[in-house]
Amino acid sequence: MRLPIPRQRSRARRVSRDPHWDNIRYFSGVLVVFGHVMDSVADRDGLRWLYIASWAMRVPVFVMVAGYFSRADTLTPREARRLIESVLVPYLAIGLLHSLQRHHYDGGEWTFYTAEPGWGLWFLLSLLCWRAALPYLAQLRYPLATSVFVALLVGYIADIGAYLSLSRTFTFLPFFLLGWRLRQGWFRDAMVARWSRYAALGVIAATLVIAWVVRHEVKLGWLSMKGPYGQGHLLDAPFAWVTRAGALAVGFVVALAFIRLVPRRHLPVISYLGAGGLYMYLLHPLMLRPLLERYGVDWVGPWPEQAALLLFALALATALATPPVRWLLRPLVQPRIGWLFRTGTAPAPRDPGPGADKGATSGSPERQLDVARPV
């Protein structure tokens, strides 16, 4: 009589996740790994084209997923504990591993990469800021429009850059807020209408074609948004904001088209691996650095070798989202440090809230980015 109970519980847990967003996590996570693998060989025509064409489907989509699963609740002690456990502690722990790796390979003076995040860790630091600021941003009449204005304006601050991930925190904030608005019901009807599927196909097709045409004209720094425009002086680049505004606009449209085209139904293997999207995102730099230091990517030449590089990236991304890796590295990516907090501060499970999909997972928004509980 005990056998059906675990099965029912397991089935309930699977139903509690929204396969649409798990599928999005998987595909965008794989593209993020593609982007980092292609970084140093983006001068190859095919890889440069893919890097530019897939930009909006990588980090902007991942940031939108974070926004979708965030809520503008007041930052209570329980909410603060969520952020510390789900974002701050993994940021420090993985940052320490990056520091150890960099010291091993580069030598020199020891540096703990905290104020200037290591490869890919800027996302966690920015997420900490976005989530803490969301209750206040939600009080604005036009939070999304305001964030776009700020994203364009900070390019004229000469000292803004990688320190505390300030540049990316401000410039990718509009995507975070757009994801939050999607949870509230923005574009809900349009995102399920039949016509929008064809429109999204047209957008992605046009993106692929245009990216090939302009691949040599687009500067990759426009997409990374890691620093100011040029020297950060208004008179030196009075119209530089137009380029960033165009990148944000294209990012909005292409990211929404990508989300629209990702299947909403459960996909065998893909949906389950998508639940490990944050593992994929946070761990792949630690796996790539030793391989790149030992073998490099100078061997990548014509398209067969470029395809081999992408297949390797696909295999790595997929492996990092598998159950054994998630079980082994859960204390690093999703630590449980209840012993650090007072009794009574444990975050309580909560409903997805109004505007969420029926299958959306309840619980911590930050943990919904990845695996709230074993699925």
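This is a predicted model, so every value here is computed, not measured.

What counts as what
Residues numbered from 1 in each chain as written. Predicted model: local features only at pLDDT ≥ 70, side-chain atom pairs only at ≥ 80, totals over all residues. Heavy atoms only, no water. Helix = DSSP H or I, 4+ residues; strand = E, 2+ residues; numbered from the N terminus. Contact = heavy atoms within 4.5 Å. Areas by Shrake-Rupley, 256 points an atom, 1.4 Å probe, with all protein chains shown as cover. Axes fitted to C-alpha atoms, helices over the stretch in contact; angles between N-to-C directions. Parallel < 35°, antiparallel > 145°, perpendicular 65-115°, else oblique. Left-handed = near helix turned anticlockwise from the far one by under 90°. Nonpolar A, V, L, I, M, F, W, Y, C, P; charged D, E, K, R; others polar. Expected span 1.5 Å × (residues − 1). Buried < 20%, exposed > 50% of the residue type's maximum accessible area, 1.4 Å probe, protein only. Polar contact = N/O pair within 3.5 Å; in protein donor to acceptor, adjacent residues only side chain to side chain. Phe/Tyr/Trp six-rings, centres within 6.5 Å; stacked < 30°, edge-to-face > 60°. Lys NZ or Arg CZ within 6 Å of the ring centre and 35° of its normal. Salt bridge = Lys/Arg side-chain N within 4 Å of Asp/Glu carboxyl O. Patch = residues over 30% accessible without salt bridge, like charges linked within 9 Å, V, L, I, M, F, W, Y side chains within 5 Å. pLDDT = per-residue confidence, 0-100.

A. Local environment of the overall build of the protein chain. For the protein chain, the helix and strand inventory stands at 17 helices and 0 strands. Excluding contacts between residues fewer than 6 apart, the proportion of contacts in the protein chain whose partners are at least 24 apart in sequence is 85%. Accessible surface computed for the protein chain: about 18,500 Å², of which carbon and sulfur atoms make up 65%.

B. Up close: the packing of helix α14 (residues 277-295) against helix α15 (residues 303-320). Here α14 crosses α15 at 130 degrees, and the two axes come no closer than 9 Å. One finds that α14 runs oblique with respect to α15. Relative to α15, α14 is oriented so that their crossing is right-handed. For the pair α14 and α15, contact is made by Tyr279, Met280, Leu283, His284, Met287, Leu288 and Leu291 and by Phe312, Leu316, Ala317 and Leu320, respectively. Of the residues contributing to the contact of α14 with α15, the split by class is 10 nonpolar, 1 polar and no charged.

C. Region of the structure containing helix α2 (residues 19-38). Here α2 is 20 residues long and its end C-alpha atoms lie 29 Å apart, about the 28 Å a rise of 1.5 Å per residue gives. Of all 20 residues making up α2, 19 are buried, and the element is well covered by its neighbours. The backbone nitrogen of His20 lies 3.0 Å from a side-chain oxygen of the residue at the head of α2, namely Asp18.

D. Focus on the packing of aromatic side chains. Per the counting criterion, the structure on display carries 17 aromatic pairs. Here Phe123 and Tyr281 contribute two aromatic rings whose centre-to-centre distance is 5.2 Å and whose plane-to-plane angle is 55 degrees, an arrangement assigned as tilted. Here Tyr281 lies in helix α14 and Phe123 lies in helix α6 (residues 122-137), a separation of 158 residues in the sequence. The pair Phe123 / Tyr281 is uniform in exposure class, with both members buried. Here the aromatic residues Trp55, Phe62, Trp122, Phe123, Trp130, Phe172, Phe175, Phe176, Phe252 and Tyr281 are joined through ring pairs into a cluster of three or more. Sitting above the plane of the Tyr51 ring, Arg58 keeps its charged end 4.4 Å from the centroid. The lysine or arginine in question, Arg215, covers the ring of Trp212, its NZ or CZ lying 3.7 Å from the ring centre.

E. Spatial organisation of unusual backbone geometry. The phi angle at Ser165 is positive, at roughly 55 degrees, despite the residue not being glycine. Structurally, Ser165 can be placed in the loop between α7 (143-153) and α8 (166-171). The phi dihedral of Met225 is positive, around 55 degrees, even though this residue is not glycine. Considering the arrangement of structural elements, one finds Met225 in the loop between α11 (220-224) and α12 (240-261). Of the residues examined, Met225 reaches a relative accessible area of 1% and is grouped as buried.

F. Highlighting the pattern of salt bridges. Scanning the entire structure with this criterion turns up 6 salt bridges. Among the ionic pairs, Asp22 bridges to Arg25, the shortest N-O distance being 2.5 Å. Placement of the pair is Asp22 and Arg25 together in helix α2, with a separation of 3 residues, close to one helical turn. Like Asp22, the residue Arg25 is buried in the burial classification. Of the charged contacts, one joins Asp45 and Arg215 as a salt bridge, the two residues approaching to 3.2 Å between their closest N and O atoms.

G. Layout of a nonpolar patch on the surface. Judged by side-chain polarity, Leu92, Leu96, Leu97, Leu100, Trp110 and Phe112 come together as a nonpolar surface patch covering roughly 490 Å² of accessible area. By the secondary structure assignment, Leu96 is in helix α5 (residues 77-106). Take Leu96: its relative accessible area is 35%, and that puts it in the partly exposed class.

H. Quick peek at the packing of α7 against α12. Running from amino to carboxyl end, α7 crosses α12 at an angle of 140 degrees, the nearest separation of the two axes being 9 Å. One finds that α7 runs oblique with respect to α12. The chirality of how α7 crosses α12 is right-handed. In contact with Val148, Ala151 and Leu152 of α7, α12 contributes Trp241, Arg244, Ala245, Leu248 and Phe252. Taken together, the residues of the contact of α7 with α12 break down into 7 nonpolar, no polar and 1 charged.

I. Inspection of the environment of Val253 at higher detail. Examined against the element boundaries, Val253 turns out to sit in helix α12. Along the primary structure Val253 and Ala200 are separated by 53 residues, whereas in three dimensions their C-alpha atoms are 8.8 Å apart.

J. Region of the structure containing the confidence of the model for the protein chain. Per-residue pLDDT for the protein chain has a mean of 82; in total, 85% of the residues score no lower than 70. Segment residues 1-15: pLDDT under 50, and 3 contacts once partners within four positions in sequence are set aside and those in other chains are kept. Within the model, pLDDT remains below 50 along residues 370-375, and this stretch shows 28 contacts once partners closer than five positions in the same chain are excluded.

K. Here's a closer look at the side chain of Ser167. Position of Ser167 among the secondary structure elements: in helix α8. Only 2.8 Å separates the side chain of Ser167 from the backbone oxygen of Met225, close enough to count as a polar contact. Setting aside chain neighbours within four positions, we find Ser167 in contact with Ile160, Gly161, Met225, Lys226 and Gly227.

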